[in-house]
Amino acid sequence: MRRAIIALAAVLRVSSVRADDVLDASDRDAALGRFEEAAATLEREAASHPSGAGAPSVRAWLERALEYRVALGDHPSTLRDAQALARQVDDRDRAAEAELEAATVLTRTQHWTASARFHDAWLRRHTGASAGLRVALSDC
């Protein structure tokens with residue numbers, strides 16, 4: 001029993017170090033202003049791990065990649081990251097919110113028609129979204 005606990009602790013420590021290494025590499029790129037590379041590193045790492053809710057490091061990588069993509073104004077990549085994040089979270093509101101974060105790129109770049117279509121489709125997809133998210137949508 002004791003050997004199993006020690007082996008489990010070693011595995012958890014290794015996986016934790018790996019998660020920190022990915023964030024460190026991404027942080028280095030971001031510190032140098034290479035946000036595209038930072039986001040790509042995080043996305044690549046998230047894609048190489050099993051999908052599904054319950055993987056905290058994958059969620060953290062996708063959250064950070066989503067932030068970078070929104071800041072870069074890259075709507076297709078932002079939407080892809082938002083959808084990947086939605087597959088990782090148990091919270092339906094967080095999944096819906098991630099899509100709204102992706103949509104901010106459309107409004108910021110004044111793509112009004114695409115933004116209107118996106119938000120209309122969002123309302124149909126997320127009829128059960130919280131009132132707070134629906135109010136946030138009306139502020140867009």
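For the structure itself, consult the block above.
Residues numbered from 1 in each chain as written. Predicted model: local features only at pLDDT ≥ 70, side-chain atom pairs only at ≥ 80, totals over all residues. Heavy atoms only, no water.

## Considerations on helix α6 (residues 112–125)
Helix length check: α6, at 14 residues, gives a terminal C-alpha distance of 20 Å against a target of 20 Å (1.5 Å per residue), a fit within 8%. Where α6 is concerned, the buried positions are S115, F118, H119, A121 and W122. The buried side chains of α6 occupy one side of the element, clustering within an arc of 165° when seen end-on. Across α6 from its buried face, at more than 90 degrees, point the exposed residues W112, T113, R117 and R124. (Helix = DSSP H or I, 4+ residues; strand = E, 2+ residues; numbered from the N terminus. Expected span 1.5 Å × (residues − 1). Buried < 20%, exposed > 50% of the residue type's maximum accessible area, 1.4 Å probe, protein only. Arc of directions from axis to C-beta.)

## Observations concerning the packing of helix α5 (residues 92–108) against α6
Two numbers describe how α5 lies on α6: the axes approach to 9 Å, and their chain directions differ by 170°. Considering their axes alone, α5 and α6 lie roughly antiparallel with respect to each other. Remark: the crossing between α5 and α6 carries left-handed chirality. On α6, the residues that touch A96, E99, L100, A103, L106 and T107 of α5 are W112, A114, S115, F118, H119, W122 and R125. Of the residues in the contact of α5 with α6, the class split is eight nonpolar, three polar and two charged. (Axes fitted to C-alpha atoms, helices over the stretch in contact; angles between N-to-C directions. Parallel < 35°, antiparallel > 145°, perpendicular 65-115°, else oblique. Left-handed = near helix turned anticlockwise from the far one by under 90°. Contact = heavy atoms within 4.5 Å. Nonpolar A, V, L, I, M, F, W, Y, C, P; charged D, E, K, R; others polar.)

## A short note on the pattern of salt bridges
Taken as a whole and judged by the stated rule, the model has 11 salt bridges. A salt bridge links E97 to R94, with the shortest nitrogen-to-oxygen separation between them at 3.3 Å. With E97 and R94 both in helix α5 and three residues apart, the pair spans about one turn of that helix. When its relative accessible area of 35% is taken as the criterion, E97 is described as partly exposed. In the salt-bridge network here, residues are joined through shared partners; they are E36, E43, R69, D74 and R80. (Salt bridge = Lys/Arg side-chain N within 4 Å of Asp/Glu carboxyl O.)

## Points about the packing of aromatic side chains
Applying the stated rule across the entire model yields one aromatic pair. Ring geometry for F35 against Y68: centres 5.6 Å apart, planes inclined by 50°, an arrangement best described as tilted. Taken together, the residues span a long stretch of sequence, with F35 in helix α2 (residues 35–47) and Y68 in helix α3 (residues 56–72) at a distance of 33 residues. Owing to a relative accessible area of 34%, F35 belongs among the partly exposed residues under this scheme. Judged by relative accessible area, Y68 falls into the buried class, the value being 11%. Positioned above the aromatic ring of F118, the side-chain terminus of R125 is 5.8 Å from the ring centre. (Phe/Tyr/Trp six-rings, centres within 6.5 Å; stacked < 30°, edge-to-face > 60°. Lys NZ or Arg CZ within 6 Å of the ring centre and 35° of its normal.)

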